[in-house]
Amino acid sequence: MNKVLRLLPIVAITCAATLLVNTISKENEPTVKNVAENYEIKAVKLPPNMNLAGEKIPIKRQDIRERMDRELLVNTYWQSNGLLLIKRAHKYFPIIEPLLEKYGLPDDFKYLALAESGLMNVKSYAGAAGFWQFLKGTARQYGLEVNNNVDERYHLEKATEIAAKYLKKSKRRFGSWTLAAAAYNAGEGRVSRRLKEQQVSDYFDLLLNEETSRYVFRILALKEIISNPKKYGFVFNQEDLYQPIKSYEVPVDSAITNIPSFAKHFGVTYKELKLANPWLRETKLNNKSRKQYYIKIPANQ
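Residues numbered from 1 in each chain as written. Predicted model: local features only at pLDDT ≥ 70, side-chain atom pairs only at ≥ 80, totals over all residues. Heavy atoms only, no water.

Visitor: Teacher, can you tell me more about a positive patch on the surface here?
Guide: On the surface, a cluster of positive charge is made up of Lys123, Lys136, Arg140 and Arg281. Tracing the sequence through the fold places Lys136 in helix H6 (residues 136–141). For Lys136, a relative accessible area of 42% translates into the label partly exposed. (Patch = residues over 30% accessible without salt bridge, like charges linked within 9 Å, V, L, I, M, F, W, Y side chains within 5 Å. Areas by Shrake-Rupley, 256 points an atom, 1.4 Å probe, with all protein chains shown as cover. Salt bridge = Lys/Arg side-chain N within 4 Å of Asp/Glu carboxyl O. Lys, Arg positive; Asp, Glu negative; His and termini not counted. Charge placed at Lys NZ, Arg CZ, Asp CG, Glu CD. Helix = DSSP H or I, 4+ residues; strand = E, 2+ residues; numbered from the N terminus. Buried < 20%, exposed > 50% of the residue type's maximum accessible area, 1.4 Å probe, protein only.)

Here it is as structure tokens:
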């Protein structure tokens, strides 16, 4: 009996402590109501006027409004991806923009590269590669070198020139930039057949597969969001944005047997050299033809 009496104060203290912890925990738990009050998923308002490379989008048409609304919603509320695209655009658009001007392509087509790859040197399941997502056959047809040693689909400047040539040729064939963009995604042959089968001449009157039906609208959505980030809730400081890699070029017209040693000679690591020259696919440059390449050497930051 005495032993039980001695334990009672300990049990009482333990129970009181547990009750206090549970009370504090419950007070700190967010309620469903509080979460709802602090976070709102708002419908986006479509701009009254939109265009791609100066071509007006028939935004008042119901089907067009719904398709445009879908892409704006998806890309607005996929916040992590949207912010990454904004950061990468700051890094790579200054490289792409003057090239588009040089090769006579409207500035809006930088958003096509953004839609294609997210401005990353990715490879698709179909084998398309680089910022502009060229297949091997198309790249070689337009003069890019593609092999295990060198793959110029990953050479931003050269691939941008080829993209400009392809899109301008499609524009001449179809008569509009929107159809040229669709052909970039689906292929000129497929777009041409669908136009003939459906007896129409405009992208917005054309029934296409899901991917190509969304393609131009995704480009338009990215243009709208990247051009007006704060309007769509993206908040950042200038220092948050990714910066271009400063570099200078070194001409090379012979083989390089060891690219890591070549990089070391210029005071950079192999990784730094490779990030600046993703078209170099191996740790050596064969160059049996003694072709002249220009290798970027990252400058001291």
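That covers the picture; the talk isn't over yet.
Visitor: Mind showing me how you'd approach the pattern of salt bridges here?
Guide: Working definition: two side chains of opposite charge can pair if their charged atoms are close together. In the structure shown here, the tally under the stated rule is 19 salt bridges. Across the salt bridge formed by Glu161 and Lys165, the nearest N and O atoms sit 3.7 Å from each other. You can see Glu161 and its partner Lys165 sitting in helix H7 (residues 156–174), four residues apart, about one turn around the helix. With a relative accessible area of 26%, Glu161 lands in the partly exposed category. Given the relative accessible area of 42%, Lys165 is considered partly exposed. Through salt bridges that share partners, Arg61, Asp63, Arg67 and Asp205 make up one connected network.

Visitor: Quick question: what am I supposed to make of the packing of helix H8 (residues 177–186) against helix H10 (residues 210–227) here?
Guide: The description of two packed helices rests on the angle between their axes and on the distance between the axes. Close contact between H8 and H10 brings their axes to 9 Å; oriented N to C, the two are set at 125 degrees. By the criterion of interaxial angle, the relationship of H8 to H10 is oblique. Considering the relative orientation of H8 and H10, their crossing is right-handed. Where H8 approaches H10, its residues Thr178, Ala181, Ala182, Tyr184, Asn185 and Ala186 are matched on the opposing element by Glu211, Thr212, Tyr215, Val216 and Ile219. (Axes fitted to C-alpha atoms, helices over the stretch in contact; angles between N-to-C directions. Parallel < 35°, antiparallel > 145°, perpendicular 65-115°, else oblique. Left-handed = near helix turned anticlockwise from the far one by under 90°. Contact = heavy atoms within 4.5 Å.)

Visitor: Help me understand H7 in this model?
Guide: In an α-helix, one turn spans 3.6 residues; hence positions three or four apart end up facing the same way. Taking 1.5 Å per residue, 19 residues should reach 27 Å; H7 reaches 26 Å between its end C-alpha atoms and fits that length. Those residues of H7 not exposed but buried are Leu156, Ala159, Thr160, Ile162, Ala163, Ala164, Tyr166, Leu167, Ser170 and Phe174. Each element contacted by the buried residues of H7 is listed here: helix H4 (79–102), helix H5 (110–117), H6, H8 and helix H9 (188–198). Within two residues after H7, Gly175 carries a phi angle of roughly 90 degrees, on the positive side. (Expected span 1.5 Å × (residues − 1).)

Visitor: Would you mind going over the nonpolar core with me for this structure?
Guide: Ranked by size, the top nonpolar core spans 68 residues in total, and within it Met68, Leu112, Leu119, Trp132 and Tyr184 carry the most contacts. Among the elements that line this core, the one with the most residues is H10, at nine residues. Setting aside its immediate chain neighbours within four residues, Tyr184 contacts Leu112, Glu116, Trp132, Phe134, Ala163, Tyr166, Leu167 and Tyr215. One finds Val268, Leu273, Leu280 and Leu285 within the second-largest nonpolar core, a separate group that totals 17 residues. (Core = buried A, V, L, I, M, F, W, Y, C linked by side-chain atoms within 4.5 Å.)

Visitor: Would you explain H5 in this entry?
Guide: With seven of eight residues buried, H5 is to be regarded as a mostly interior element. Those residues of H5 that sit buried are Lys110, Tyr111, Leu112, Ala113, Leu114, Ala115 and Ser117. Buried positions along H5 lie against H4, H7, H8 and H10. Following H5 by one or two positions, Gly118 has its phi on the positive side, about 65 degrees.

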